[in-house]
Amino acid sequence: MATIVLGVGASHSTLMNTHWEETTHKAEAGRFRDALYATRDRIAAVAPDVVLIIGSNHFRGFWLDLIPAFTLGVGECISSGESGTPKGPQQVDVDFARHLANEVIESGRFDLAYSARLQIDHGQSHAIQYLLEGLDVPIVPLVVNVFAPPLPTFQRCAELATALRAAIAGYPKDKRVVVIASGGLSHQLPWPDWRDPHGEDEDFMVQAWLDGRENWSDYDVRRRQIIRAAEAAITPEFDDRVLDLFVGGKASELAEYSTSYVDEAAGNGAQELRTWLMMAAIMHYIPAERLAYEAVPEWLTGMGVAVLDPSNPYSPSQGTQS
């Protein structure tokens, strides 16, 4: 049977790739990057056979013509390669992915969307770049809609994760599984609610999200300009509370969060915390180790790393923090 050997929650930002030299908070940026590399070493040490990556999509693989709440990649996986992230085909454990899809659907609890040709972006590929570099290990990508409301509730995300945990446990062959949650923590993207845009930039964004399926890259230059012009809105107090929940083995409390609460308390980008909640649920909410937390305004985001290790679930370390 499959065994889950490690869980990871890690923030992402393509500005790490494109604007490292312009980053003035170099010490904070370096500590966060070091934590990613330390986590990569932890992943390598447990020798996974497959990595389930739970992440978002920033309208480079999904568009407003069709937005499933949850989509599992069960075949080809193509990374869009924006902003220096990995580009092109990614190795997928197709047999394991299709087992998960089948078991979750057959359970009768979820009508999970699946894709035999899934395009991902840095919501998943940032983790591939920094956490799986040099590791010859296939992935199974799970995309959660966190940017096109109405969003799946946090509670529903936890319920799907429970179903996935059962499906993993039911896999008939020996397989070592690592689960990575990519995204968060607090940040505010200069993105509108697509249902009610205001102003030229927001109208442009919504049009890009609607029409970008065949030519998403044509919109990317202006998209990046809009993002670079945004002011950081990081909420360290919120991020600390969330990380404390993970360290204390109480991440299940995130299931009580609402979309509106997260928007108000930590910004629209913090809706990616759904991925962290799902990872924690798959890991039975064991206590986490906090490897890093850094507020990096040049990256617009509170950058955190946490590791959930089933071999040592009751000795969490606080690690480094700003």
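Residues numbered from 1 in each chain as written. Predicted model: local features only at pLDDT ≥ 70, side-chain atom pairs only at ≥ 80, totals over all residues. Heavy atoms only, no water.

K.L.:
Outline the overall build of the protein, listing residues and values.
P.N.:
Of the regular secondary structure elements, the protein holds 10 helices and nine strands. Dimensions of the protein, computed from C-alpha atoms along their principal axes, come out at roughly 55 × 40 × 35 Å. A total of 322 residues make up the protein; the buried ones form 59% of that total. Of the contacts formed within the protein by residues at least 6 apart in sequence, a portion of 83% connects residues at least 24 apart. On the protein, the mean spot of the 25 positive side-chain charges and the mean spot of the 43 negative ones are 4 Å from each other. (Helix = DSSP H or I, 4+ residues; strand = E, 2+ residues; numbered from the N terminus. Buried < 20%, exposed > 50% of the residue type's maximum accessible area, 1.4 Å probe, protein only. Contact = heavy atoms within 4.5 Å. Lys, Arg positive; Asp, Glu negative; His and termini not counted. Charge placed at Lys NZ, Arg CZ, Asp CG, Glu CD.)

K.L.:
Describe in detail the packing of aromatic side chains, supporting the description with residues and values.
P.N.:
To describe a pair of aromatic rings, one takes the distance between the centres and the angle between the planes. Throughout the structure, instances matching the rule amount to 15 aromatic pairs. Taking the centre distance of 5.6 Å and the plane angle of 40 degrees together, the rings of Trp-20 and Trp-299 count as tilted. In this pair, Trp-20 sits in the loop between α1 (15–18) and α2 (26–45) while Trp-299 sits in the loop between β8 (289–296) and β9 (301–308), placing the two residues 279 residues apart along the sequence. The exposure classification of Trp-20 matches that of Trp-299, with both residues buried. Plain terms: the ring middles of Phe-70 and Phe-110 are 6.5 Å apart, the flat faces sit at 85 degrees to each other, and that makes the pair edge-to-face. Placement of the pair is Phe-70 in strand β3 (residues 70–80) and Phe-110 in the loop between α3 (94–106) and β5 (113–120), with a sequence separation of 40 residues. Taking the relative accessible area as the measure of exposure, Phe-70 reaches 8% and is therefore buried. Judged by its relative accessible area of 6%, Phe-110 is buried. An aromatic cluster is present here, built from Phe-59, Phe-147, Trp-191 and Trp-209 joined pairwise through their rings. Positioned above the aromatic ring of Trp-20 is the side chain of Arg-33, whose terminal nitrogen or guanidinium carbon lies 3.9 Å from the ring centre. (Phe/Tyr/Trp six-rings, centres within 6.5 Å; stacked < 30°, edge-to-face > 60°. Lys NZ or Arg CZ within 6 Å of the ring centre and 35° of its normal.)

K.L.:
Outline helix α7 (residues 220–228), listing residues and values.
P.N.:
The set of residues buried in α7 consists of Asp-220, Arg-223, Arg-224, Ile-226 and Ile-227. Within α7, the buried residues cover an arc of 160 degrees as seen down the axis, which keeps them to one side. Across α7 from its buried face, at more than 90 degrees, point the exposed residues Val-221 and Gln-225. Packed against the buried residues of α7 are α1 and α6 (199–211). (Arc of directions from axis to C-beta.)

K.L.:
Which residues make up the environment of Gly-183, and what values do they have?
P.N.:
Tracing the backbone shows Gly-183 in the loop between β7 (175–182) and α6. Given the relative accessible area of 0%, Gly-183 is considered buried. Separated by 48 residues in the primary sequence, Gly-183 and Leu-135 place their C-alpha atoms 21 Å from one another. Non-local contacts of Gly-183, meaning those with residues more than four positions away in its chain, are made with Ala-10, Ser-11, His-12, Glu-272, Thr-275 and Trp-276.

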